Amino acid sequence: FDVKSFTIPGQYYLDGVLLGSYNPPDGMKALREFDLFEDDCIVAAYPKSGQTWTLELVYLVLHHGTAYERENTARDMRTPWIEWGPVDEERLRNISNIPRPRVFKTHAIAKHLPVQLREKNVKMVFVFRNPKDVAVSYYHFYRMNAVLSRFPGTWSQFYEMFMAGNVAHGSWFDYVQEYWREFKDDKNVLFLYYEDMVKDHAGSVRKIANFLGRNLRDDVVEDIVKRTSFKTMKDNFATRAHKIPFFDENISPFFRKGNVGDWKNHFTVRQNEDFDRVYAEKVAESGFCIDFGE
Ligand code: A3P
């Protein structure tokens with residue numbers, strides 16, 4: 001297998017960022033122009049950073065009262081991915097009409113976000129995860145996902161692609177640094193860390209509630225924690241990636257491990273040294289604080 005000739009379906013570059021057929025140019029344009037309401041909340045993250053989990057947390061903080069009745073609403077209609085797929089007017093209408101306050105997912109880089117985000121002071125949650133675990137999680141996702149060509153290479157080959165930023169949504173280093181630079185002082189943006197969420201799940205629910213101006217009773221917080229545990233989400237119809245035709249969960253499940261530090265089972269000593277050097281050069285001065293679980 002020659003990694004140099006590896007591409008994903010519909011691969012193209014938008015402002016230097018690699019994207020595939022599932023986020024085509026017209027979808028990215030629709031995202032830029034997407035109409036927002038002041039009470040929307042956007043959850044943005046680099047792939048495999050715990051975004052599905054965070055979307056469900058935000059969704060339940062805002063909709064706990066009706067979430068049980070809407071249990072059978074599939075994920076794309078609870079927390080839609082705005083720029084998903086070739087533009088389909090009916091889907092765009094449908095996702096626009098979900099019950100408010102609406103919660104949306106995006107993988108866009110900072111400069112591709114909807115123009116109205118800033119214009120209307122819409123709130124956004126950004127999730128960080130330590131990039132060693134992101135790379136490992138992404139590798140397994142690339143293996144099982146047909147829209148990512150079911151990557152047939154080795155971990156080491158994927159590692160090289162990841163470090164070169166030659167993966168869907170581009171370089172992790174550029175991606176998070178652009179968000180941080182653009183939004184770190186913005187009171188409408190909450191930065192969360194996957195590792196903190198694992199360490200203090202209930203605390204993260206409270207942090208999100210606080211940010212969104214919701215005062216939750218303790219029993220509600222407890223219920224949200226229960227409903228968003230790794231195991232519950234893996235088994236729950238509404239949250240699991242049920243019947244997504246391009247996923248082959250026999251290769252690797254979508255809810256894979258859900259822990260901190262799986263990179264230690266994948267990174268070679270040399271890769272780890274190489275990574276630490278690049279990380280120190282590129283982001284050590286950025287001011288955000290990543291916990292690698294060391
Ligand atoms: P792993 O592959 O390391 O297991 P995203 O949703 O951004 O694609 O991120 C996927 C990662 O989040 C996967 O990591 C997945 O297992 C993990 N994840 C999903 N739901 C989770 C939960 N409720 N608690 C902890 N981790 C979760």
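Residues numbered from 1 in each chain as written. Predicted model: local features only at pLDDT ≥ 70, side-chain atom pairs only at ≥ 80, totals over all residues. Heavy atoms only, no water.

J.: Hey, could you run me through the layout of surface pockets in this one?
T.: A probe as big as a water molecule, rolled over the atoms, marks out the empty space that is left. The volume enclosed by the largest pocket comes to roughly 1,000 Å³. Lys 48, Thr 52, Arg 75, Lys 105 and Phe 254 are the residues nearest the centre of the largest pocket, which is lined by 48 residues in total. Breaking the lining of the largest pocket down by element, the ones donating at least two residues are α2 (51-67), α3 (75-78), α6 (131-144) and α12 (230-235). Among the elements that make up the lining of the largest pocket, the one with the highest residue count is α6 (5 residues). Class assignment of the residues belonging to the lining of the largest pocket gives a composition of 23 nonpolar, 16 polar and 9 charged. Here the second largest pocket is characterised by a volume of approximately 160 Å³. (1 Å grid on protein atoms, 1.4 Å probe; cavity = no way out; pocket = protein on both sides within 12 Å on 5 of 7 lines; lining within 4 Å. Points joined across faces, edges and corners; volume = space filled by probe spheres on them. Helix = DSSP H or I, 4+ residues; strand = E, 2+ residues; numbered from the N terminus. Nonpolar A, V, L, I, M, F, W, Y, C, P; charged D, E, K, R; others polar.)

J.: Which parts of the structure should I look at to understand the side chain of Ser 252?
T.: Relative to the elements of secondary structure, Ser 252 occurs in the loop between α12 and α13 (269-282). Once residues lying within four places of it in the same chain are set aside, the contact partners of Ser 252 are His 140, Arg 143 and Met 144. (Contact = heavy atoms within 4.5 Å.)

J.: Teacher, can you tell me more about the pattern of salt bridges here?
T.: Oppositely charged side chains can form a pair if their charged atoms are brought close together. A complete count under the given rule lists 18 salt bridges for this structure. Between Arg 102 and Asp 40 there is a salt bridge whose closest N-O contact spans 2.7 Å. Of this pair, Arg 102 sits in the loop between α4 (89-96) and β4 (103-106) while Asp 40 sits in the loop between α1 (25-32) and β3 (41-45), and the two are 62 residues apart along the sequence. Asp 40 matches Arg 102 in its accessibility class, with the two residues each being buried. The shortest N-O distance in the salt bridge between Asp 274 and Arg 277 comes to 2.7 Å. Placement of both Asp 274 and Arg 277 in helix α13 is noted, with a separation of 3 residues, approximately one turn of the helix. Exposure remark for Arg 277: the relative accessible area of 45% places this residue in the partly exposed category. Three or more residues joined by partner-sharing salt bridges are found here, namely Arg 118, Glu 182 and Asp 186. (Salt bridge = Lys/Arg side-chain N within 4 Å of Asp/Glu carboxyl O. Buried < 20%, exposed > 50% of the residue type's maximum accessible area, 1.4 Å probe, protein only.)

As far as function goes, none of this settles anything; it's purely spatial.
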